[in-house]
Amino acid sequence: MRIAFFDSGLGGITVLKEAMNQLPHENFIYYADTLHVPYGTKPKDDVKKYILSSVAAIMQEEVKALVIACNTATSIAVTELRSMYDIPIIGMEPAVKPAVEMNRLIGRRVLVMATPLTLQQAKYNELVNRVDDMSIVDSLPLPDLVRYCEALNFDETFLYDYFQTQLSGYALEEYGTIVLGCTHYPFYKSIIAKLVPPHLTIIDGSKGTVKRLQEQLISRSLFSETGSGDVLFLCSGEEEAYISKMQRALQLYERMDARV
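First things first, this report covers the structure right here in the doc.

Conventions adopted
- Residues numbered from 1 in each chain as written.
- Predicted model: local features only at pLDDT ≥ 70, side-chain atom pairs only at ≥ 80, totals over all residues.
- Heavy atoms only, no water.
- Helix = DSSP H or I, 4+ residues; strand = E, 2+ residues; numbered from the N terminus.
- Contact = heavy atoms within 4.5 Å.
- Axes fitted to C-alpha atoms, helices over the stretch in contact; angles between N-to-C directions.
- Parallel < 35°, antiparallel > 145°, perpendicular 65-115°, else oblique.
- Left-handed = near helix turned anticlockwise from the far one by under 90°.
- Nonpolar A, V, L, I, M, F, W, Y, C, P; charged D, E, K, R; others polar.
- 1 Å grid on protein atoms, 1.4 Å probe; cavity = no way out; pocket = protein on both sides within 12 Å on 5 of 7 lines; lining within 4 Å.
- Points joined across faces, edges and corners; volume = space filled by probe spheres on them.
- Pairing = 2+ DSSP bridges.
- Expected span 1.5 Å × (residues − 1).
- Buried < 20%, exposed > 50% of the residue type's maximum accessible area, 1.4 Å probe, protein only.
- Arc of directions from axis to C-beta.

### Some points on the environment of N125
Mapped onto the elements, N125 comes out in helix α6 (residues 122–131). As for N125 and R2, which are separated by 123 residues in sequence, their C-alpha atoms are 33 Å apart. The residues touching N125, leaving out its near neighbours within four places in the chain, are L119 and Q120.

Listed below in structure tokens is the structure:
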């Protein structure tokens, strides 16, 4: 049986890669809802329907656990999905809590980059209100970045200009941590790192998510030590072309991840 990873598009590949690193003897499914990508700029009710339909398709496979490798999808549907399926379902949330803990004692601020829809959700705002007791968290919506990632746009000159424009209103010397609150955004971690002061730490939720996944597998006696790390790619749209793109994105991210 396989562990499934679900996202609207390519972003969840960053979480899949972390699982491949931490759980090398598991086998995986990666499912992208390519008919409806991106989620982060669409109405909540529509996105919820897309998520439920995609997960129903995933459950036709032999799946022992599901990772909702998308902060937006987690905030909208993870509770309902857990009530529908009797397997471990691991969601994601922006890594605000560890970022606040890292910065509250040193007096620096935290900048959360995420999709507009994630930042609008009650789940995100409740998280910030719960952990940000010193009001050090700022939120930056980046609606275009998912689209760039889906187009495999990693042109450094173009992206330097893009990020410089987006960050121009922030006194970055006042910040200690940037949180990448969308799973597409780690594809751009190395570019962001070159543009911000060297003291800034850039984090995302992948490691914590995979750690929770591993704990759930062990607690339910589902942990495997015999798999080969095989990945089965599936999607809701034009399968052949997008599967090739997913494979290419994983290869690109493996190289990026090795450089960071």
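### Things to note about the packing of helix α2 (residues 44–58) against helix α3 (residues 71–84)
Axis separation between α2 and α3 bottoms out at 10 Å; the angle between their running directions is 45 degrees. Comparing their axes, α3 and α2 come out oblique. As for how α2 packs across α3, the hand of that crossing is right-handed. Across the interface between the two elements, K44, V47, K48, I51, L52 and V55 from α2 touch A73, I76, A77, E80, L81 and M84 from α3. Taken together, the residues of the contact of α2 with α3 break down into 9 nonpolar, no polar and 3 charged.

### Some words on empty space enclosed by the protein
What the rule picks out here adds up to 4 cavities of 30 Å³ or more. If you add up the space inside the largest cavity, you get close to 90 Å³. Along its surface, the largest cavity is lined by 15 residues, and C70, T72, T115, C182 and H184 are the ones closest to its centre. Among the residues making up the lining of the largest cavity, the classes are represented as 5 nonpolar, 9 polar and 1 charged. Lining the second largest cavity, in full, are N71, S75, M92, E93, P94, T118, K123, Y124 and L127.

### Structural notes on the sheet that holds strand β4 (residues 89–90)
Spatially, 5 strands are ordered β4-β3-β1-β2-β9 in an open sheet, and the strand pairing comes out parallel. Whereas interior strands pair on both sides, the edge strands pair on one side only; in this sheet they are β4 and β9 (231–235). One ladder, built from 5 bridges, connects strand β1 (residues 2–7) with strand β2 (residues 28–32); its direction is parallel. Residue pairing for β2: D7 is matched across the bridge by A32. Against the sheet, helix α1 (residues 13–22) makes contact with β1, β2, β3 (63–68) and β9, and its axis sits at roughly 175 degrees relative to β2, the strand it touches most. Together, β1, β2 and β3 form the strand contacts of α2, whose direction differs from that of β1 by roughly 160 degrees.

### Remarks on α2
Taking 1.5 Å per residue as the helical rise, α2 with its 15 residues ought to reach 21 Å, and the 21 Å between its terminal C-alpha atoms agrees with that figure. Within α2, burial applies to V47, Y50, I51, S54, V55 and I58. The buried residues of α2 occupy one face: seen down the axis, they fall within an arc of 125 degrees. In α2, those exposed residues whose orientation departs by more than 90 degrees from the buried face are D45 and K49. Where the residues of α2 are buried, they touch β1, β2, β3, α3 and α5 (116–120).

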